[in-house]
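Listed below, chain by chain, are the residues.
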Amino acid sequence: MLDLIVQNARLGDRQDVCDIGVKDGKIAIIEKNLSGKATRTIDAQNRFVTPPFVDSHFHLDSTLSYGQPRINQSGTLLEGIALWGELNPTQTVENFHARAMEFCQWSIARGVLGLRSHVDVTDERLLAVEALLDVREKMKPYMDIQLVAFPQNGYLRSPGAKQNLARALDMGVDVIGGIPHFERTMKDGAHSVRQLCEIAAEKGLLVDMHCDESDDPLSRHIETLSAQTTRLGLEGRVTGSHLTSMHSMDNYYVSKLMALMGEADMQVVANPLINITLQARHDTYPKRRGMTRIKELMEAGINVAFGHDCVMDPWYSLGSHDMLEVAHMGLHVGQMTSVEQIQNCFDAVTINAAKVMQLENYGIAPGNNADFVILDCNSAFDAIRLRPARLYVVRRGKVIASTAQANPTVFIDGGETTIEFTIGATK
Ligand code: FE2
């Protein structure tokens, strides 16, 4: 007796329609016309069933704070950091906790069941750390949350950041963060990368740094991050987030850099919604796009994921944590329009992001966790095109969210027609 059978599920690029059988929170069997009984059966009606969305770059401490205490007028990264500096000291554990918990419900509704969140460790009270550790625990049955100790104002530049970061790790924060381009000098940036990677090597932790989030083509901390990764044997465990300066770098230099990144098995997270709005604010025309070289990095065999980064906070006023919006924007900014590239953009918010987080037992295959999302469409291509309803969000074999199928009514010349399928769906 199975716990759940999902009938007629269309799985990824396998055009076959299969049934998925679930037992004890794991995928027990996938086959056509699965016989046997289950406590619950869902008919997916040939719709696309995907592994859950994963956001490998987010900030739970600042989310849903839009307008507090004011709005970012210039739209720049630096005004966002200044604004966060005004807001952060006014927050309490309860504020941080309530906003993050509300946000996680948005995430679940959108089928996002993996989330890596940076948490600012600049304020020595570490209230956000305290709050988010509890959120991580409370949300465990529903989503996997990883926390990154992020010295927003600089690991070397901000007084007390070294001690605070060490304390945050002792409290249970999972990953080591950094922000080398915000240190006082390029040299200090390089020192911060070296020191933080050494802590990771000593403690056996992952690293994820905000790195070169700048339009300055000479911001080359990713070079140092790659070199330190290789020197310390951290290959595959280090992530360079943003890397927007790569957009503006000289092509010859990038050809050398990408080889170093490959050698380090560097994980890359771009944040298309944020990059396209925060970067190039000092340009007149032509304006740069400010997103890193997604297409070229992927072609070089480097694992690239897309993150949402922010929702309704000092850096980004919009969003509802729909990772399909992120993939959609990444596709446009990166001009990734071939069928294969569109699939790559979908992977950037699912399997590639799961790889960044090193999530275990992820993916729709026997033996893996029974975590998946039934989308109201037929393919990854249409998922990005339509950003359809997440009909069912399943975690460990249990439905934890559902959204009704879109069923619009159209009025033409006074007539009324009920459309019984999603707008624009392909057959
Ligand atoms: Fe970020």
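### Considerations on the pattern of salt bridges
The tally for this structure, following the rule as stated, stands at 18 salt bridges. For R136, the salt bridge identified is with D174, shortest N-O distance 2.9 Å. Placement of R136 in helix 3 (residues 127-138) and of D174 in the loop between helix 4 (161-171) and strand 9 (175-176) is noted, with a sequence separation of 38 residues between them. Relative accessible area serves as the criterion here: at 14%, R136 is assigned to the buried category. A salt bridge links D283 to R288; its shortest N-O distance comes to 2.7 Å. Here the salt bridges share partners, and the residues they tie into one network are D144, D371, R395 and R396.

### What about the domain arrangement of the chain?
We note that the domain assignment places domain 1 (2-51 + 363-417) and domain 2 (53-357) within the chain. The distance between the C-alpha centroids of domain 1 and domain 2 comes to 31 Å. Facing the 19 residues of domain 1 at the interface are 22 residues of domain 2. Looking only at domain 1, the three residues that lose the most surface to domain 2 are I384, R390 and R395, adding up to 39% of its buried area. Applying the counting criterion to the domain 1 and domain 2 interface returns two salt bridges. Across the contact surface, domain 1 and domain 2 share seven residue pairs in polar contact (both at pLDDT 80 or more).

### Things to note about the side chain of T239
Within the secondary structure layout, T239 lies in strand 11 (residues 238-242). Each residue touching T239, except ones within four places of it in the same chain, is listed here: R116, V207, D208, M209, L225, M266, Q267, V269 and V356.

### Comments concerning the environment of K37
Relative to the assigned elements, K37 resides in the loop between strand 3 (26-31) and strand 4 (38-43). Each C-alpha atom of the pair K37 and I5 lies 8.0 Å from the other, and the pair is 32 residues apart in sequence.

### Thoughts on the coordination of the iron ion
Within the protein, H57 (NE2), H59 (NE2), H210 (NE2) and D309 (OD) serve as the donor atoms for the iron ion, at 2.1 to 2.4 Å. Coordination at the iron ion is irregular: its four donor atoms span angles of 86 to 179 degrees at the metal. The sequence motif formed by the donor residues of the iron ion is H-x1-H-x150-H-x98-D. In this pair, H57 is assigned in strand 6 (residues 53-58) and H210 in strand 10 (residues 206-211), connecting sequence segments 153 residues apart. One exposure class covers both H57 and H210, and it is buried.

### As for the sheet that holds strand 6
Sheets are built from strands that pair by backbone hydrogen bonding, the pairs being arranged parallel or antiparallel. Across the sheet, eight strands lie side by side as 6-7-8-9-10-11-12-13; this open sheet has parallel pairing. Looking along the sheet, the strands with just one partner apiece sit at the ends: strand 6 and strand 13 (304-306). By the bridge criterion, three bridges tie strand 11 to strand 12 (residues 267-270) in an arrangement that is parallel. Looking at strand 12, one finds that S241 is bridged to V269.

### Thoughts on the environment of P217
Among the secondary structure elements, P217 is positioned in the loop between strand 10 and helix 6 (221-231). It is 56 Å that separates the C-alpha atoms of P217 and L34, two residues lying 183 residues apart in sequence.

### Details of the environment of R237
With respect to the secondary-structure elements, R237 resides in the loop between helix 6 and strand 11. In the structure, R237 is positioned 29 residues away from M266 in sequence and 7.5 Å away in space, judged by C-alpha atoms. Sequence-distant contacts of R237, that is, excluding residues within four places in its chain, are made with A200, G204, L205, L206, V207 and Q358.

### Digging into the packing of aromatic side chains
Enumeration over the complete set of coordinates arrives at five aromatic pairs. With a centroid separation of 5.6 Å and 50 degrees between ring planes, the pair formed by F48 and F346 is classed as tilted. Pair noted here: F48 is in strand 5 (residues 48-50) and F346 is in helix 12 (residues 339-347), with a separation of 298 residues, a long-range link. Taking relative accessible area as the criterion, F48 reaches 3% and is therefore assigned buried. You can call F346 buried: its relative accessible area is 3%. An aromatic cluster is built from F48, F53 and F346, whose rings are joined through pairwise contacts.

### Side note on the pairing of strand 10
Extensive coverage of strand 10 is indicated by the burial of six of its six residues. Covered by surrounding structure in strand 10 are L206, D208 and H210 together with V207, M209 and C211, the residues of both alternating faces. In this structure, strand 9 lies alongside strand 10, joined through two bridges in parallel fashion. Note on strand 10: the bridge partner recorded for V175 is L206. Following the chain from strand 9 across helix 5 (residues 186-203) to the adjacent parallel strand 10, one finds a crossover that is right-handed. Where strand 10 and strand 11 come together, five bridges link them in parallel fashion. Along strand 11, the bridge assignment pairs C211 with H242. The parallel pair strand 10 and strand 11 is bridged by helix 6, and the resulting crossover is right-handed.

About the thresholds
Residues numbered from 1 in each chain as written. Predicted model: local features only at pLDDT ≥ 70, side-chain atom pairs only at ≥ 80, totals over all residues. Heavy atoms only, no water. Salt bridge = Lys/Arg side-chain N within 4 Å of Asp/Glu carboxyl O. Helix = DSSP H or I, 4+ residues; strand = E, 2+ residues; numbered from the N terminus. Buried < 20%, exposed > 50% of the residue type's maximum accessible area, 1.4 Å probe, protein only. Domains from an automatic or database assignment. Contact = heavy atoms within 4.5 Å. Buried area = accessible area lost by both parts, 1.4 Å probe. Polar contact = N/O pair within 3.5 Å; in protein donor to acceptor, adjacent residues only side chain to side chain. Donors = N, O, S within 2.8 Å, 3.2 Å for Na, K, Ca; no water. Tetrahedral: all angles 85-135°; square planar, octahedral: opposite > 155°, others 65-115°. Pairing = 2+ DSSP bridges. Phe/Tyr/Trp six-rings, centres within 6.5 Å; stacked < 30°, edge-to-face > 60°. Right-handed = clockwise from strand over helix to strand, strands pointing away.

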